[in-house]
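Residue strings, one per chain:
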Amino acid sequence: MWSAAARDLPDAPKVDAPGRARHALREFTWRALFQHSSKGRYLATCLQQLRRQRRVRRASLSARSRTGSGSLMDYFRITALLLTVFLQAFSLGRCEEAPPPCEPGFISETFILPVHNVHLNRSQRVGKVIFDDCSGHQRTLFSTEDTRFKVAPDGTVSLKRPVKLHNRHRNFFVYAWNSEGKKFSARVVMQPELGTNDPPSEVDSASYAQPVSTEPVPVLEFPQSSHGLKRRKRDWIIPPINFPENDKGPYPKEVVKIRTSNDKEAKIHYSITGPGADEPPKGLFFMDKYSGQIFVTQPLDREKQAHYTLFAHASASGGTPVEAPMEIIINVIDMNDNKPVFTEDTYEGSIPEATQVGYDILIVTATDADDPNTENGEIAYSILSQDPKEPNGNMFAINPNSGQIRLNSPGLDKEQYPQYTLTVQAADQAGKGFPTTCTVLIKVTDSNDNAPQFVESKYTASVPENKVDAEVVRMQVTDEDEPHTPAWHAKFRIREGDPGGFFNVTTGPSGQEGIITTAKALDYEKRNQYTLLVTVENDVPFAIKLPTSTATVVVNVEDVNEAPIFIPSELGVKAAEDAKVGERLATYTATDPDTQMKQSIEYRMAPDSTGWLSINKTTGAITVKSPMDRESTDVVDGKYKALVLAVDNAVVPATGTGTLQVILEDVNDNAPTIDEREIKICNQDPEPVLLSVSDKDGPPFGAPFSVQLFEQSLTNWTATMNETRTGIILKLKTRLPQDKYNVMLTVSDNKNFGQVNTILAFVCDCKGKDVECGDKLVAGMELPGILGILAAVLLLLLLLLLLLMFVRRRSKVKKEPLLQDDDVRDNIYYYDEEGGGEEDQDYDLSQLHRGLDNRPEVFRNDVAPTFMSAPQYRPRPANPEDIGNFIDDNLKAADNDPTAPPYDSLLVFDYEGGGSEAGSLSSLNSSSSGGEQDYDFLNEWGPRFKKLADMYGGSDD
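Since we're looking at a predicted model, the values are computed, not measured.

The rules behind the values
Residues numbered from 1 in each chain as written. Predicted model: local features only at pLDDT ≥ 70, side-chain atom pairs only at ≥ 80, totals over all residues. Heavy atoms only, no water. Disulfide = S-S within 2.5 Å. Helix = DSSP H or I, 4+ residues; strand = E, 2+ residues; numbered from the N terminus. Buried < 20%, exposed > 50% of the residue type's maximum accessible area, 1.4 Å probe, protein only. Patch = residues over 30% accessible without salt bridge, like charges linked within 9 Å, V, L, I, M, F, W, Y side chains within 5 Å. Areas by Shrake-Rupley, 256 points an atom, 1.4 Å probe, with all protein chains shown as cover. Salt bridge = Lys/Arg side-chain N within 4 Å of Asp/Glu carboxyl O. Lys, Arg positive; Asp, Glu negative; His and termini not counted. Charge placed at Lys NZ, Arg CZ, Asp CG, Glu CD. Pairing = 2+ DSSP bridges. Axes fitted to C-alpha atoms, helices over the stretch in contact; angles between N-to-C directions. Phe/Tyr/Trp six-rings, centres within 6.5 Å; stacked < 30°, edge-to-face > 60°. Lys NZ or Arg CZ within 6 Å of the ring centre and 35° of its normal.

> What should I look at first to understand the state of the cysteines in this one?
Disulfide: a covalent bond formed between the sulfur atoms of two cysteine residues. In this structure the tally under the stated criterion is two disulfides. Put simply, C682 and C766 are joined by a disulfide, and their sulfur atoms are 1.9 Å apart. Between C682 and C766 the sulfur-sulfur dihedral comes to about -105 degrees; the bridge is accordingly left-handed. Residue C682 is located in strand β48 (residues 678-684), and its partner C766 is located in strand β54 (residues 754-767); the two are separated by 84 residues in the primary sequence. When its relative accessible area of 10% is taken as the criterion, C766 is described as buried. A disulfide bridge connects C764 with C773, and the sulfur atoms are separated by 1.5 Å. Judged by its relative accessible area of 31%, C773 is partly exposed.

Structural data, given as structure tokens:
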């Protein structure tokens, strides 16, 4: 303490004897003061507070001493000042800042107890923990969370039973209570000499085993802060600390040491914070709170975390910071602890056999988790082996840096060596470090050195006109290259003969077949034959120069019956809706595109719901067949559309359609009407009723409207038009009894064309606009009338019931049956079986066919004739409007079809077998059949048997 206080005195000049005397006087005075009082321990604290004030004076005193101008009075003045301070300290027993009070607790949060073996014996002492309860007692009550350990009252830790330290360390907590009953805890780490532990971010240097490592570590000092008149220094740049990964220890191992210049003035406590200390991953670093040493507790892995940023703190014993936090960056130095890894175990590539040297085949890639900026992450590639080694062992080469594999030597032959297997190595440290290998499979593919050839050089085909995507011809080719490869697969092209693009050629599913189809509809009348020149190649170009095979295709276009065409397809005409029946509207004709068939055309009107028009089947003149109505629902926006048909006279007729659009001009043929048919109105202070008026005719014959009451309605009602003259305001001008009344009004349009409209008005006993009718009117009828109707209905039901009872009594009278029980009459029985009885069990069905077999001159035509061609039926149209024509055309074709059933049949029944004991049953061959039979009774059987009676019962004529 004396030395600490002596440092605070100004240095005495040593240039002369008076200076030495003053220095001796100062030393004597301080020594006497420190030995005089028991409170001298406070002086150092007080001097620390005065130190900053003294630094200003030191500068001037030092300058004076160097120039020799200092005086002895200056030192005596300082000495007097210090004596005053001491006296104040002795008298008051305190200074500006009293020492911190004692706080009970463990002297460290973690106690690291070193052991020499992982196997610990019973009763073995492993260390000691220290607890200060500030009462001066040397014995404390302890307990542990691990029952295998015990702690004596003096803090000695021993074992209750043998223990083996797993994972080379064992952690547990110990607890202690002070005199006030407060509980405290600390962690104990059983640390073998070469093991690892997990201490907190700060510990006491006395509580853990010092590491064996003697390697020097860097010392970092907190940046100094300037005070007083000195200029503030620039911020210090703290260099990062480098620590190798996977270091073998021993642990804990010192990384760096931190100190502050204020540690000479007071006791400093050091601590660290940040990831790795008090933040995840916790426990990697801790700091000795007294010495400032930072330790790492276990090996670091750069691949998990490349650097750690910690903050060092320095504080006084009372917890007051004496320095700003200092950032410490610890870089984990990479070590070569990871092997390269290929992205794939097996790589596959291919190369054509005719490829030139230097062709790039594929790239192999390996990665290394080590630092890529060092040799540990620098990968070099090489080829270890090649199988097969023919034609030479260096057929392939690899770029050592990129892993690109290329062809290094010519001589590939797909037929002899279809595949090569390479073993490729990747090693770090530029090929000198850890190696790893992968397999590369290189397939040699066939080159296109054979051109495909057409099987035939010329093809002839026919296709009907007007068909799209119709198949024309299939052309076969051959290729000697490997099947099902791009060098074998054929590709066709039409080189000449199709400038209009009417045809398309594609490759068939087999890959060796070309299919020509129509891309557009062909027209026989324009061109009936095409000559195409087709070439064939492969999907890939030829590896060498080869001639291209060609084929000639002659396409003949077949003429088919085409439907007539209306020009234009839609014809518009104007006509008044009151056009007279028979009035000619237009002539609508079609032309037949089949110019060489010389066919005639017949015109028809397609059936519709109106039937307003008719057409001359020869000339196409369209006339009015029945009166037209512009207000009909078939007329849209004043336009009526009718479908016109043109049918040729081919064996299978073809029908063309055209649309006639008739724009109907409106005429004033509809009088305006009142929309409301019934109204309700009060007979007292009635509210006028607004009636709306509408006219089916167009605007020229509509509003403004006019109204006039008719006959007797003038007496009780008034009717006027509203402002827009599109509605009628109806008022009741006289009070009428509650009843229903007919109001007749004549409504006319602006052309004075009108008609009488009748409105049923219900007059109710009410007032104003709240119309409410009483019970006298129910559904427009008074209550007495309704009761009368119900009574009449009930009376009618009663009469009906009496009539049914009367009819039922009369039906009980017994009538004589038409047929007596003893009347025996012949009955008709139906026998569907004609078997030969029990003895006839073997049936010879061939006898049924001998009728025609014995009559070869008879021609049997009950099957479809094979010598007559069947007509062609019209396919179903896509346009629904053509359905009618489709049915008519096909019905006409079926009527003229000789091959359609039923067929005329001739069946022979005159053979009934031979050797039968019974005679013939046929009446046609019996000469005596019917001679003696009287058929006159057939006339009594009704008109259905009249013809039969005339045939058999009549006279000879």
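Having seen the model, we can carry on.
> How do you make sense of a positive patch on the surface when you look at a structure like this?
Taken together, the side chains of R122, K150, K160 and R161 make up a positively charged region of the molecular surface. Within the element layout of this structure, K160 appears in the loop between β8 (156-159) and β9 (163-164).

> What's the story with the sheet that holds strand β37 (residues 549-558) in this structure? I'm lost.
In a beta sheet, neighbouring strands are held together by backbone hydrogen bonds and run either parallel or antiparallel to one another. Ordered in space as β31-β37-β36-β33, the four strands form an open sheet in which the pairing is mixed. With one partner strand each, in any of the chains shown, β31 (458-464) and β33 (490-496) form the two edges of the open sheet. Averaged over all adjacent pairs, the angle separating strand axes in this sheet is 30 degrees, with direction ignored. Sheet topology note: the β31/β37 ladder contains seven bridges and is parallel. Residue K458 lies in a different strand from β37, and its bridge partner there is T552.

> Sorry if this is basic, but what is going on with a negative patch on the surface here?
Residues D578, E583, D629 and D669 make up a contiguous surface patch of negative charge. Tracing the backbone through its elements, the reader meets D578 in the loop between β39 (570-576) and β40 (584-587).

> Can you help me understand the pairing of strand β22 (residues 346-352) in this one?
Here is the key point about a regular strand: its side chains alternate between the two faces of the sheet. Of the two faces of β22, only the one carrying Y347, G349 and I351 is buried; T346, E348, S350 and P352 on the other face are not. Of the pairings in the sheet, the one linking β22 to strand β29 (residues 435-445) comprises seven bridges and is parallel in character. Across the sheet, I351 pairs through a bridge with V444, a residue of β29.

> Looking at this model, I keep getting lost on the packing of aromatic side chains. Mind explaining?
Aromatic ring pairs are defined here through the distance separating the ring centres and the angle between the ring planes. What the rule picks out here adds up to 17 aromatic pairs. Considering the side-chain rings of W612 and Y640, the 4.9 Å spacing of their centres and the 50 degrees angle between planes classify their relative orientation as tilted. Pair noted here: W612 is in the loop between β42 (601-605) and β43 (613-615) and Y640 is in strand β45 (residues 639-648), with a separation of 28 residues, a long-range link. Assigned by exposure class, W612 and Y640 land together as buried. Taken together, the aromatic side chains of F106, F111, F131, F142 and F184 make up a single cluster linked through ring pairs. Against the face of Y175 rests K183, its NZ or CZ located 4.2 Å from the ring centre. Just above the ring of F502 sits the side chain of K520; from NZ or CZ to the centre is 5.7 Å.

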